[in-house]
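If you want the building blocks of each chain, they are given just below.
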Amino acid sequence: MPIRVKSRHLPTPDRALSPIPSCVDVPLPNIGHEDAFRDVVKSLSQYIAEVVYMPSTFEQLRTTSAGDDLRTLVEHLSARVTNPAIVNALLALRWHYGAINDGRGVSDARANACEIVAWRFLTRLSEREVVEFCLYEIPDDCQDDNPSHAEEPTDGGESNERTGLLRNASRTSSPDYHRSGSLRRNQLFKSISKLTMSRHTSDVEELDDDPTAPFIHLNALEIAAIADAKRFLSQHVVQKIITGIWNGEIIFWDRLSVHSEKKPRFYNPSTADPFSRLRVPKYLKAYEVAFFVGFLMLYYSVLIEQNRYAITPLEILLYIWFAAFFYDEVSEYIDAGSVFYAADVWNLFDMIMIAIGIVFAVLRFVGLYKGDYTLVDIGFDVLSLEALFMVPRVCSILSLSPYWGTLIPCLKEMGKDFLKFMVLVVIVYVGFLTTFSLVGREMYTFPHMAMIVTKIFFGSSYVGFDIMEDIDPIFGPPLMFIFVTLSSILLMGSLTGMLSNSFSRVITHAREEYLYVYSVYVLEASTSNRLTHFYPPFNLIALGIFRPLRIFLPSDDKFRQGRILLLRATHAPIVGAIQVYEWFTKKINPDGFDNFRGPRQSSFKRNSAPPPGRPDSRPRSGYRPRMPVSRPASAEVISRPRPRPQPSEDDVADAPTDVEVRISELAGKIDRLTALVVALQSGAGIETVRT
């Protein structure tokens, strides 16, 4: 019997048929080359808010059709937009959306979208273009309008000597620069929030108060560090820039002169001032290790000698080392700002070491002045605590290696969870200690009972079983059994499991955490606006010479010239050692500074295709119009290359693993199956009739 198939229209269901959003063309942002940073942020925020309106994870936006509009945006930015503040604006929006907690996950999806667009846009550029976009600093329109004031030192001859990474709209209007990191973050968040919430207001209303002022003079990498864009910073294309800054292949100061300007440029050994190598983070870290080794040797010498009755020459050198270390930390805090300074866990060790040194010096001097040698002995005991932090600080260079640097974020998160769990432990401990002390008050004093309960908590359960009858014949045994069960089995088992889960949770993202800390250290050490940076203990010489003179003499460029001459005189041996090291390195690796000389074609793997069903009338992303440069072209200063055809990349610069490839293929099959089901449900139903 033949089978006849008859179609019949089905009623439209009330619920949504598919989670896949309908294909609605959203106008792409129209961004000109001369548009201000605030206008770029405003245009991008409108597009991101229109195309990302459903909760999506980072992987869904990266691998499924939920990120088709983001791919279209990347193609548009690569082909049509040459504004240098594109990456800055995307990362500022990532900071804005990431700080919002809407309870639905839409803001997190938009934050992930901004981060994805930022690094996908960079993968379509040459390496020189990537450096220019990532190190472009948002200009100050007020200073651009008044160039005569912009070149005049506003801090009495030490212009660009004490400004931090996070500042306000101008150098003259920054009274609240030294606020805490949380207040600084709130200010940055409110600035972008004000702009995104008022994107429908007129330009006249916005001119009264620029909400993007806190981001002035920040480059894209600094904004990424503030915004906790750890996935962006961990990308290979970004890490190449960080590594270039670390090795000194990319520098910000090429010479030491009164009129030097901070610009990102490629290092040219034949034209750059050798003293500019003092600002290379690799050499800063090497000298820091040598300084702490000398610090540790003086520390051991003073403690072994331990003269109670007089201050020895070695102790005087130790005080000089302490003073230089303290002044260097203050300068680092001023240069980097509270947000960057707090991001480095070793700065906490530095502050504790300084506090211990101050307490020791006070006890030592007061004890010698009064002749109280008991106070002097207490001071030396306090100084003995310094080794708990100084020895790990000497070995802090190991944190720059991937293995040891990966463990630090894990230990940090485990420590946070441990402190949270200890709140419950203290509550249980205080309750049982109070009960045992009151019940057994005739046999044990409170300090004795406190020590017994502490031993039981740390595993000595037999101590509690031995004395439970002495505490009280009736209440002692049951209370002790309950306490031993809680402390030794439940609490300790729960603590072990929780720390294990914390380690497993963090270790999956430990590489991103490590690269984030590493990137923050490199940016903190290199992007400061201070031209002359004195290594400790030479910084005390500059402090002792120039600070008193500023009280009596007028401030002009002579002070800056004097600091430069003093730097050359005191740091000549260090620069000589650096030059010898680089000479040997160049002999071993002649192409050591050629990593950024041109594009690497191998870094681009495949061409990107437009999303299905979307018109693609835009030119290929290989063509990029030449970005006009406002300053003269130079062989050293980073400038835009000529437009040239180049293949594009649809994903990260790192090659995907087999698992990611299979997940991507499976996601594509699911999308095609979902589209087929939607077409069948919205078109016609099928009824099978047997005749």
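Student: Even after reading the chapter, I still don't get the overall build of the protein chain, so can you show me in this structure?
Tutor: Helix and strand counts for the protein chain come out as 28 helices and four strands. Each of the 691 residues in the protein chain was classed as buried or not, and the buried ones make up 47%. Put simply, the protein chain shows about 34700 Å² of open surface, and 63% of that area lies on carbon and sulfur atoms.

Student: Help me out: how do you make sense of empty space enclosed by the protein in this one?
Tutor: Over the atoms a probe the size of a water molecule is rolled, and this reveals where empty space is left. Inspection of every chain in the model, using the stated rule, returns seven cavities of 30 Å³ or more. Reported here for the largest cavity is a volume of approximately 410 Å³. As for the largest cavity, its lining consists of 23 residues, and the residues nearest its centre are L284, E288, D328, E332 and H533. Mapped onto the lining of the largest cavity, the elements with two or more residues apiece are α14 (281–305), α15 (313–336), α17 (346–370) and α24 (510–526). At six residues, α15 tops the list of elements feeding residues into the lining of the largest cavity.

Student: Explanation requested: the pattern of salt bridges in the structure shown.
Tutor: Any two side chains of opposite charge can pair if their charged atoms end up close together. Within this structure, the stated rule accounts for 19 salt bridges. R277 is paired through a salt bridge with E582; the nearest N and O atoms lie 2.8 Å apart. Within this pair, whereas R277 is found in the loop between β3 (265–266) and α14, its partner E582 is found in helix α27 (residues 572–588), the two being separated by 305 residues in sequence. The pair formed by R277 and E582 is uniform in burial state, with each residue classed as buried. Residues E413 and K416 are paired through a salt bridge, measuring 3.7 Å at the closest nitrogen-oxygen approach. Of this pair, E413 and K416 both sit in helix α20 (residues 402–439), separated by three residues, roughly a single helical turn. On the accessibility criterion, E413 (26% relative accessible area) is partly exposed.

Student: I tried to follow helix α4 (residues 86–98) on my own but got confused; where do I start?
Tutor: Helical periodicity: at 3.6 residues per turn, an α-helix aligns residues three or four positions apart in one direction. For α4, with 13 residues, the first-to-last C-alpha span of 18 Å sits near the 18 Å given by 1.5 Å per residue. Summarising burial for α4: twelve of the 13 residues are buried, a large majority. Within α4 the residues assigned to the buried category are I86, V87, N88, A89, L90, L91, A92, L93, R94, W95, H96 and Y97.

Student: I'm lost on unusual backbone geometry in this one. Help?
Tutor: Most peptide bonds are trans, and most residues other than glycine sit at a negative phi. Cis geometry is found at the peptide bond from P536 to P537, where omega equals 5 degrees. By the secondary structure assignment, P537 is in the loop between α24 and α25 (539–552). Residues other than glycine seldom take positive phi values, yet D228 does so here, at roughly 60 degrees. Assignment of secondary structure puts D228 in the loop between α11 (220–226) and α12 (230–233).

Student: Mind showing me how you'd approach the side chain of R110 here?
Tutor: Mapped onto the elements of the fold, R110 is located in helix α5 (residues 106–123). Classification of R110 as buried rests on a relative accessible area of 18%. Look past the residues within four positions of R110 in its chain and what remains in contact with it is I48, A49, V52, Y53 and Y97.

Conventions we followed
Residues take numbers from 1 onward in each chain, read along the sequence in its written order. Residues qualify for local features only when their pLDDT is at least 70, as the model is predicted, and side-chain atom pairs are given and counted only at 80 or more; totals for whole chains, interfaces and linings, by contrast, use all residues. Where side-chain values are given, they derive from all heavy atoms of the structure, hydrogens and water being excluded. Comment: elements are numbered from the N terminus, with helices defined as DSSP H or I runs of at least four residues and strands as E runs of at least two. Accessibility here uses a 1.4 Å probe with only protein chains present; expressed as a share of the type maximum, an area under 20% marks a residue as buried, one over 50% as exposed, and anything in between as partly exposed. Computed by Shrake-Rupley with a 1.4 Å probe, the accessible areas treat only the displayed protein chains as cover when residues are assessed. Grid points spaced at 1 Å and placed over the protein atoms alone form the basis of the search, with a cavity being a set where a 1.4 Å probe fits but cannot get out and a pocket an open set showing protein on both sides within 12 Å along at least five of seven lines. Lining residues have an atom within 4 Å of a point. Grid points are joined across faces, edges and corners, and a volume is the space filled by probe spheres set on the points. Only one rule defines a salt bridge in this text: a Lys or Arg side-chain nitrogen within 4 Å of an Asp or Glu carboxyl oxygen. By definition here, a helix of n residues has an expected span of 1.5 Å times n minus one. Contacts were defined at the residue level, with two residues in contact if any of their heavy atoms lie within 4.5 Å.

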